[in-house]
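Chain by chain, the residues run as shown.
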Amino acid sequence: MKRSTLIQISQYLQNFKTINSIKRVDDTIIKIIFGVNDVLFFDMKKGDAYVFKKEVYKRAKVYNAPFDVALIKRFARAKIEKIKVQENNRVLTIMTSSNSSYKVQKTSLILEFTGKNTNCILIDETRSVVEALRHIDSSVSSRSVKVGETLEDLPPFEIKETPEIIDNMEEFLVEAYHKRAIHRLSAMKAQRIKNIQKKINKFQHILQALENEESLLEKAQLYNFWGTLILSNLDTIKNYQTHISLHDFEGNGVEITLPKEARSATEGANILFASSKKLKKKAKSLYIERENLKEKIAFFLKMQHAIAHAKDAMEINILAPKQKQQKKKKNAPTTYESFYIEGYKIMLGKNEKGNIALLREAKKRDIWVHMKDIPSSHVIIRTDKQNIPNMILEFAAKICVDFSVDKKGLYLVDYTQRRNVRINEGAHVNYVDYKTISVSKK
């Protein structure tokens, strides 16, 4: 960001006298509500830090790190005392005061738009660091940023830039997001789709490597037939024979080689029966594994489609969080997928088992979501007895449609509390006292 731009933003911020609320809504994005309801976002991403406005920004998760706790404690409902930009640098400082239980607390929010050194730092009136988005050790930088230490100013430097004149700050801040969003969204989609494709390729490889169930069942039937034939002809088989020539029940000649470990014809027949049973069991498990793999592939293909048609980066982060956020707990359910948005947990059934599991596990005040008059995935919104915002309901309805149907169109989605849903059989239900919203699938 240019220094001239930062100065004009600081002048724009002079219009506000208070910070109503403040919180982190993404790993590097801080949302500040100035005055009654003037919302600005400060993206402190290294190399491309900027300020923007956006009507709706969906949080993929709630942040509760010490930095986030300090942000709220120090700046929520704080009075703005002064706003300034450091000389010969791209550093914006918002100085505030707030009433604690026993004294006026003065804190400064320092927003450094300085390339690789970009940071958001909280300091008290003695310039002691309260918290920071990035803690920096003196071993990696000429200036350390550590809680409890005095913060030194960044050294000034000669700034060579063509000044940018902003005629309408509101329009500029809205456009600032859209300019970056188009490029970032395209790159983000490509990367997440690529990551999911790796999973699809892995499952397809496993699927192709599976043995054929029909061949196993044919072999199991043959072994069972051989065992039966041996037991029916024990009186004609010598104890020392390892290869036996017999006739089946229709008079056809049959050649049987006894298993190597068999010490007698009877033992050979029993081994063949046991092998037949194992092959049948293996064929059954292979069928289940094959169907599970097909369901996983189908689910991830729908995930790719949903990501490809996501409207913004926030939606992608909700659908497919970064790898470090995707670590699942041991024994976590694999039949349904969980998404997190604005602190709410939304669960989507991947298959019939997942739908049944969600119906069983949902609490009576959780919200159940399903497409109207169309077979679809079941979706549960965990409420914890809270009222559900429309944005959450709309997102739950959207993923219900995205992961249930492939054709474009306008679809109706019903939702109601889980206690209004009665299970008939499996995942088939009846429900009452519901509301309906429409979802357009493009």
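Above this text sits the structure in question.
Thresholds, definitions, all that
Residues numbered from 1 in each chain as written. Predicted model: local features only at pLDDT ≥ 70, side-chain atom pairs only at ≥ 80, totals over all residues. Heavy atoms only, no water. Core = buried A, V, L, I, M, F, W, Y, C linked by side-chain atoms within 4.5 Å. Buried < 20%, exposed > 50% of the residue type's maximum accessible area, 1.4 Å probe, protein only. Helix = DSSP H or I, 4+ residues; strand = E, 2+ residues; numbered from the N terminus. Contact = heavy atoms within 4.5 Å. Salt bridge = Lys/Arg side-chain N within 4 Å of Asp/Glu carboxyl O. Pairing = 2+ DSSP bridges. Axes fitted to C-alpha atoms, helices over the stretch in contact; angles between N-to-C directions. Phe/Tyr/Trp six-rings, centres within 6.5 Å; stacked < 30°, edge-to-face > 60°. Lys NZ or Arg CZ within 6 Å of the ring centre and 35° of its normal.

Peer 1: Give me the lowdown on the nonpolar core, citing residues and values where you can.
Peer 2: Soluble globular proteins tend to bury their nonpolar side chains together. In terms of nonpolar packing, the biggest core is built from 63 residues, with Leu319, Ile346, Val369, Ile381 and Phe403 touching the most fellow members. Broken down by element, the residue count for this core peaks at 13 residues, all from helix α5 (residues 265-308). Not counting residues within four places of it along the chain, the set of residues in contact with Leu319 comprises Met303, Ala306, Ile307, Phe339, Phe395, Ile399 and Phe403. Grouped together as the second largest cluster of nonpolar side chains are 34 residues, Tyr12, Ile19, Leu133 and Leu173 included.

Peer 1: A description of the pattern of salt bridges should follow, citing residues and the corresponding values.
Peer 2: Following the criterion strictly, the structure yields 20 salt bridges and no others. Between Glu112 and Arg143 there is a salt bridge, with the nearest N and O atoms lying 2.8 Å from each other. With Glu112 in strand β7 (residues 104-112) and Arg143 in the loop between β9 (129-132) and α3 (169-209), this residue pair connects regions lying 31 residues apart in the sequence. Across the pair, exposure class does not vary: Glu112 and Arg143 are buried alike. Asp137 is the salt-bridge partner of Lys146, the closest N and O atoms lying 2.9 Å from each other. On the basis of relative accessibility, which here comes to 30%, the residue Asp137 falls in the partly exposed class. Each of Asp43, Asp48, Arg180 and Arg184 takes part in salt bridges that share partners, so that together they form one network.

Peer 1: Residue-level account of the sheet that holds strand β15 (residues 379-382), with values.
Peer 2: Strand pairing in a sheet takes place through backbone hydrogen bonds and is either antiparallel or parallel in direction. If you trace the six strands from one edge of the open sheet to the other, you get β12-β13-β15-β14-β16-β19, paired in antiparallel fashion. Sheet topology places β12 (336-341) and β19 (435-441) at the edges, where each strand pairs with a single neighbour. The mean inter-strand angle of the sheet, taken between neighbouring strand axes irrespective of direction, is 25°. Inspection of the sheet shows strand β14 (residues 367-371) paired to β15 by three bridges, in the antiparallel sense.

Peer 1: Any details on the environment of Phe113? Residues and values, ideally.
Peer 2: With respect to the helices and strands, Phe113 occurs in the loop between β7 and β8 (119-124). Non-local contacts of Phe113, meaning those with residues more than four positions away in its chain, are made with Met1, Leu6, Phe42, Met44, Ala49, Tyr50, Val51, Arg90, Leu92 and Thr118.

Peer 1: So what about unusual backbone geometry? Which residues, and what values?
Peer 2: Negative phi values dominate among residues other than glycine, just as trans dominates among peptide bonds. Phi is positive for Arg77, close to 60°, though the residue is something other than glycine. Within the secondary structure, Arg77 sits in the loop between α2 (66-75) and β5 (78-85). Although it is not a glycine, Glu342 sits at a positive phi angle of roughly 55°. Counting through the fold element by element, Glu342 comes out in the loop between β12 and β13 (344-349). A relative accessible area of 18% means that Glu342 is categorised as buried.

Peer 1: Explain helix α1 (residues 3-13) residue by residue, including any values.
Peer 2: Counting buried positions over the 11 residues of α1 gives nine, a clear majority of the element. At its buried positions, α1 is contacted by β2 (29-34), β3 (38-43), β4 (50-52), β5, β6 (91-99) and α3.

Peer 1: An account of the packing of aromatic side chains is requested, with residue identities and associated values reported.
Peer 2: By convention here, two paired aromatic rings are described through the distance between centres and the angle between planes. Applying the stated criterion to the full structure yields 14 aromatic pairs. An angle of 35° between the planes, with centres 5.0 Å apart, marks the rings of Phe52 and Tyr177 as tilted. Placement of the pair is Phe52 in strand β4 and Tyr177 in helix α3, with a sequence separation of 125 residues. By the burial criterion, Phe52 is buried, and Tyr177 matches it. Their ring planes at 70° and their centres at 5.1 Å tell us that Tyr431 and Tyr434 sit as a pair that is edge-to-face. Using a relative accessible area of 22% as the deciding quantity, one classes Tyr431 as partly exposed. Taken together through their ring pairs, the aromatic side chains of Phe41, Tyr50, Phe52, Tyr57 and Tyr177 make up a single cluster. Sitting over the ring of Tyr50, Arg180 keeps its end group 3.9 Å from the ring centre.

Nothing here speaks to function; it is all geometry.
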